[in-house]
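Observations on the three-dimensional arrangement
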Amino acid sequence: MEDALLANDLQELPYVGTPHTWCNNQPGAARVLVRLDRMFLNSAGLAHVPLASIRHLTRISSDHCPILLQLGSPNSDRRSRLFRFEDVWLSYPMCSKLVQRNWNRADLGSAAEVLKRKWSRTLRALFFWSKNKLKDLGALKSRLEAEVADLQVREGSATGISEDEYRTLISKAKELAATLGRLESWWKQRAKARWIKEGNANTTYFHDMASNRCRTNRIVQLTYGEEDPVEDPDQIERAFMDFFSNKWTGETPDLSGWPALPQSQKVPPAAATLLAADISDEEIWAAIRDLKPN
């Protein structure tokens, strides 16, 4: 491995966070912490992104730490200050009341200035109302992430953590996973609202494409065997049916010349009868009931 790294001019990127990226999630003396996951760049890559670094994120529901590759300074990517309307707001009755209250406020100035202030005021009110709804969950997530990260860093240190702190780490990680699940449900609801509003655009697109292709690829003439070309749709359909009916006609296989097998290598008659038997409706329904929910 060292020879391969040297031959390809690969250099390991520096990291921030816990010194270990994998844990076997076992308690006590059986617990193993190892740094398995690493990232390398060659000199040409480092010349393009000289500030590249690695951050080991908190380990929550996996035995591996997620790894974040940062190609520049963390402060270089500033968030946009634009406010955009979220489709999920339409699913809350409070949304219409909030819009009505802010839109109906009196304004002075030209029609364009009044309209601009109404838009800005209403959208800003919706944004901060939405932000306050998620403020408690966001604060809880940030606090739990900081606590879990601190415990995991101390866990990988030379002194380690005690059994009580280990139990606290497991409890905090489970609570953080539950909080992330609640935040995820918000974004799923947001995506659902967009889907209800816009519909499944991909399905419509591919349906239209398939319909157009079906129309453009329609067979207008067919030659079958020694017969003359036919153009009548009924005759074309009948020619297709005849061709595939003859092609898929059952045939009795010729078993002559096969080597003789000893009786010990043959399928027992009872098993052969079972394998050749027709599938019953009960077997089909039993297989369907054993399927997973998806």
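Above this text sits the structure in question.
Before going into details, it helps to say that this report is about the structure given with it. The model shown is predicted, which means the values in this text are computed figures rather than measured ones. Sequence order sets the numbering: in each chain, residues are counted from 1 along the sequence as written. Residues qualify for local features only when their pLDDT is at least 70, as the model is predicted, and side-chain atom pairs are given and counted only at 80 or more; totals for whole chains, interfaces and linings, by contrast, use all residues. The side-chain values count all of the structure's non-hydrogen atoms but skip hydrogen atoms and water molecules.

Let's talk about the pairing of strand E6 (residues 53-56)
Pairing of strand E2 (residues 15-17) with E6 involves three bridges; the strand directions are parallel. Directly across from Gly17, in E6, lies its bridge partner His56. In this analysis, strands are considered paired if DSSP registers two or more bridges between them. Runs of H or I in DSSP of at least four residues are treated as helices and runs of E of at least two as strands, each being numbered from the N terminus. Looking at chain direction, E6 and strand E7 (residues 67-70) are connected through four bridges and run antiparallel. Within the sheet, the bridge partner assigned to His56 lies in E7 and is Ile67.

A closer look at empty space enclosed by the protein
Only protein atoms enter the 1 Å grid, on which a cavity is a set of points fitting a 1.4 Å probe that cannot get out and a pocket is an open set with protein on both sides within 12 Å along at least 5 of 7 lines, lining residues being those with an atom within 4 Å of a point. Grid points are joined across faces, edges and corners, and a volume is the space filled by probe spheres set on the points. For the structure shown, the criterion picks out one cavity of 30 Å³ or more. One number sums up the size of the largest cavity: a volume of about 40 Å³.

Quick notes on helix H3 (residues 93-103)
Three exposure classes are used, based on accessible area relative to the maximum for each residue type with a 1.4 Å probe and protein chains only: buried under 20%, partly exposed in between, and exposed over 50%. Considered for burial, the residues of H3 that qualify are Cys95, Leu98 and Asn102. An end-on view of H3 places all buried positions within 70° of arc, on one side of the element. When the buried face of H3 is taken as reference, the exposed residues oriented beyond 90 degrees from it are Pro93, Lys97 and Gln100. Throughout, the arc means the angular range of directions from the helix axis out to the C-beta atoms.

Quick notes on the state of the cysteines
What counts as a disulfide here is a pair of cysteine sulfur atoms lying within 2.5 Å. Under the defined criterion, the tally for this structure stands at zero disulfides. Of the cysteine sulfurs around Cys23, a residue in no disulfide, the closest is that of Cys65, at 8.7 Å. Relative accessible area serves as the criterion here: at 0%, Cys23 is assigned to the buried category.

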